[in-house]
Amino acid sequence: MNRLALVAALLASAAAAPLAAETHRIEAGEGAAQRLQEALILAQPGDVIELGEGRITLTDGLSLDVDGVTLRGQGMDKSILDFTSQEGSGEGLLVTSDEVTLRDFAVENPKGDGIKSKGADGIVYSGIRVEWTGGPKATNGAYGIYPVESTGVLVTNSKVSGASDAGIYVGQSRDITVSENIVSFNVAGIEIENSRNALVFSNIASRNTGGLLVFDLPGLPVMGGGNVILRGNLVADNDTPNFAPPGNIVASVRRGTGVLVMANDGVLIEDNAFDNNPTAHIMVIAYLQPFDDPRYNPHARNVIVGDNAFGRGGDDPQLDGKEALLEAFGGALPPVLWDGIKQDDDTGLRIAEGVEGWTLNLSKPGQSMAEARPGPLMLTPLESWEFPEVGAPAELEARLK
Amino acid sequence: MKRGLGLLALASATLGAALAHGAVPEAQPVNDAAVTGAAFPAKLSDFGFFRDGARQVPGARVYPYALNTPLWSDGAEKLRFIYLPEGMQLTADGEGLLKFPVGAAILKTFAFGEGDARRLIETRVLLHRADGWVALPYRWNAEQTEATLALTGGRIDLVTPAGEAISYAIPNKNQCKTCHSSSNKVVPIGPKARNLSVRWLGDMLKAGKLDRLPPGAATMPVWAGYTAKSPAEPFARAYLDVNCAHCHQPGGGASNSGLDLRWEQSDPHAFGIGKRPVAAGRGAGEYEFSILAGHPDQSILLYRMNSAEPGIAMPELGKASVDRQGVAVVRRWIAEMK
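Calculation notes
Residues numbered from 1 in each chain as written. Chains lettered and ligands numbered in written order. Predicted model: local features only at pLDDT ≥ 70, side-chain atom pairs only at ≥ 80, totals over all residues. Heavy atoms only, no water. Core = buried A, V, L, I, M, F, W, Y, C linked by side-chain atoms within 4.5 Å. Buried < 20%, exposed > 50% of the residue type's maximum accessible area, 1.4 Å probe, protein only. Pairing = 2+ DSSP bridges. Helix = DSSP H or I, 4+ residues; strand = E, 2+ residues; numbered from the N terminus. Polar contact = N/O pair within 3.5 Å; in protein donor to acceptor, adjacent residues only side chain to side chain. Expected span 1.5 Å × (residues − 1). Contact = heavy atoms within 4.5 Å. Salt bridge = Lys/Arg side-chain N within 4 Å of Asp/Glu carboxyl O. Nonpolar A, V, L, I, M, F, W, Y, C, P; charged D, E, K, R; others polar. Domains from an automatic or database assignment. Buried area = accessible area lost by both parts, 1.4 Å probe.

Enquirer: Account for the nonpolar core, with residues named and values stated.
Expert: Within soluble globular proteins, side chains that are nonpolar generally end up buried alongside one another. One finds Leu81, Leu102, Phe105 and Ile269 of chain A to be the most contacted residues of the largest nonpolar core, which totals 67 residues. Among the nonpolar cores identified, the runner-up in size contains 38 residues, and Ala142, Tyr169, Leu217 and Ile285 of chain A belong to it.

Shown next as structure tokens:
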């Protein structure tokens, strides 16, 4: 009986009486890529696929479509999936099943995205490194860690570098926690797009073009992004020139942006530390482009800038009229930049006591920057505010214990 | 007696070619247990779909068919078959996908080379089991005597009919599902009434293998009949439907892009005109819109069709070279847009 027939027989028996969860170990070396993909296909719910130490070279993308599987390595610098010579597929690893745990391994130099999980509810990424080792380049893949169309997402203790779009990108999803990650040398460090109930806390975003982005875009199956908390992050030195391919929305991000909120309903920015983001520590704007989608609201609504620590910043902005602006504001722009566009008086930008900023005093989404009338931000500070608690279900964090 | 004559005629091209090469073994019944059981049979011959696998001579109740506009796969010749167990038939569902009874199977063999030089590379099998469809790839051996299950896919160096040397990828089992997926379930893609000939559907009806002739049959153009005088739009839209829409539709693998390339999609923004990319990354090149009307060379869709580089190329799977004719037709369609 050859191996596949044996496997087939095992599968048949498994269908009759489920076997106990197993651990399949994949060591680097001859045929490792095929052994790994075979294990990913033949895994049963509850199984663990363990990568040994070393480097596995892949010519094709990997994929996992079995619920409840854990893929784990020996550490983000020890178990490496190397896609430098990838010949096919749009990403390094694609996950399309629920309750999957990915931990303690690295994906290097994928041709497209790093790890994509689509329609994969309850997914955990922990201790993952995705890196384009040649540094920031437009030819790098778009996203490092890329969960999309999913409910229940935890991305933690991971590291992404070199993404030509976003290092960690969560799109069209709900109930999300992105915590304790390090993102650097990406166009966007972390991007939460068309998603709800996201907690982004204790991350380090440095040396990106923009640190933390919260976007809501038109024309997508899932819209209405909001209820996002950015809390306790270090957002510093985001000064890498934008290297995104021109057609992408993040190509419009100005070098030196700490936090960028575009459209969205409900974003709380508090207890973060900002330093040396030369355009703006925090930028809150309406969607810029024309659109034709009656379901879409282009305004940034209910955005609250609470207490944050602001260091040097706004001193070398990538903005038209930079010299005049710097002169007007005494050599550095205040930490918060608002376009001034509000849907109504009740939902415009709000700030805590002592938060300084400036506004473009625009009034309509899509209005030309030429019509801007920059001036200091004159808002009545909030004494207190309420914001829903958000984030991934507790069981995702518990899975890592 | 008249029933089935048409089907015989349909099969005759294949049979004739095979008969010319010598005797064809007796048709044995298909192994229904292999089709409907829980296992993944190790060999293609375990199913008994073919009287003569090497020559692709179908067995009993295995019906060859063709599509008006086929999926392009590096120029591979494709031999398509449907297996229906005894006493079962297909059910028409308007212009859409024919409904298959449990126990049915769909087969597609990929071959390169002509005449005696033809080599079978792989046969992809879709099995309709009680709990849904299962997709399995089988790889032909060098002797062309057997195809064995290739769960993890594989790569083969070959030269396409266009003369390009490529590393041809046999998909792994999961990659089969990447295309054959709707709302995370495996589904057939090809045999939609709109993309099947009225003659074939009529023959199946007469043979009792189809419940009725569906309205909207054969509305998609016959790709092979394209000439410079053909209207570009129906050919381009048919091409995009067949080559792209299995992912680019609601519930498909690329649903999050919002780009919907199905034949029936009538909203120009949804099928790409003036639509900005979402997650295209470097696949967007230097361009801002999926389709910029009148400007094929500034349209992301054409840019990606026209690339064979992973990370840029579309489709992401099943393509290692560029379909020059497909690009030409879509280019003409975009160029002619006002």
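Enquirer: How would you summarise the sheet that holds strand S7 (residues 91–95) of chain A if you had to cite specific residues and measurements?
Expert: All names here are of chain A. Pairing within the open sheet is mixed, and its twelve strands lie in the order S4-S7-S9-S11-S14-S17-S20-S23-S26-S29-S31-S32. Looking at the sheet topology across the chains shown, the edges are occupied by strand S4 (62–64) and strand S32 (375–376). Pairing analysis gives five bridges linking strand S20 (residues 210–215) to strand S23 (residues 257–262), with the strands arranged parallel. Across the sheet, the residue bridging to Leu213 is Leu260, located in S23.

Enquirer: Give a detailed account of the side chain of Thr96 of chain A, specifying residues and quantitative values.
Expert: Locating Thr96 of chain A in the fold gives a position in the loop between S7 and strand S8 (101–108). Of note is the side chain of Thr96 of chain A, whose polar atom sits 2.7 Å from the side chain of Asp65 of chain A.

Enquirer: Can you break down helix H5 (residues 232–244) of chain B residue by residue, with the values?
Expert: Its 13 residues give H5 of chain B an end-to-end C-alpha distance of 17 Å, which sits within 8% of 18 Å, the value for a rise of 1.5 Å per residue. Most of H5 of chain B is tucked away, with eleven of its 13 residues classed as buried.

Enquirer: An account of the interface of chain A and chain B is needed here, citing residue identities and associated values.
Expert: Taken together, the contacts link 51 residues of chain A with 40 residues of chain B. Where chain A packs against chain B, one counts three salt bridges. Our count for the contact surface shared by chain A and chain B stands at 16 residue pairs in polar contact (both at pLDDT 80 or more). If you list the elements that add at least two residues to the side of chain A that touches chain B, you get helix H1 (3–16), helix H2 (32–42), S4, S7, strand S9 (113–118) and strand S11 (145–148) of chain A. When its residues are assigned to classes, the side of chain A that touches chain B shows 22 nonpolar, 19 polar and ten charged.

Enquirer: Outline the domain arrangement of chain B, supporting the account with residue identities and numerical values.
Expert: How big an interface is tends to be stated in terms of the accessible area lost upon association of its parts. Residue and element names in this part refer to chain B. Segmenting chain B into domains produces domain 1 (5–206) and domain 2 (223–335). Inter-centroid distance (C-alpha atoms) of domain 1 to domain 2 is 26 Å. Each partner contributes residues to the interface: domain 1 has 21 residues there, and domain 2 has 20 residues. Here domain 1 and domain 2 share an interface that buries about 1,800 Å² over both sides, 54% of which is from carbon and sulfur atoms. For the pair domain 1 and domain 2, the number of links is two salt bridges. One salt bridge connects Glu264 with Arg194, and the closest N-O pair in it is separated by 3.1 Å. Our count for the contact surface shared by domain 1 and domain 2 stands at six residue pairs in polar contact (both at pLDDT 80 or more). Only strand S10 (165–170), helix H3 (173–179) and strand S11 (181–182) provide two or more residues apiece to the side of domain 1 that touches domain 2. In terms of residue count, the dominant contributor to the side of domain 1 that touches domain 2 is H3 (three residues).

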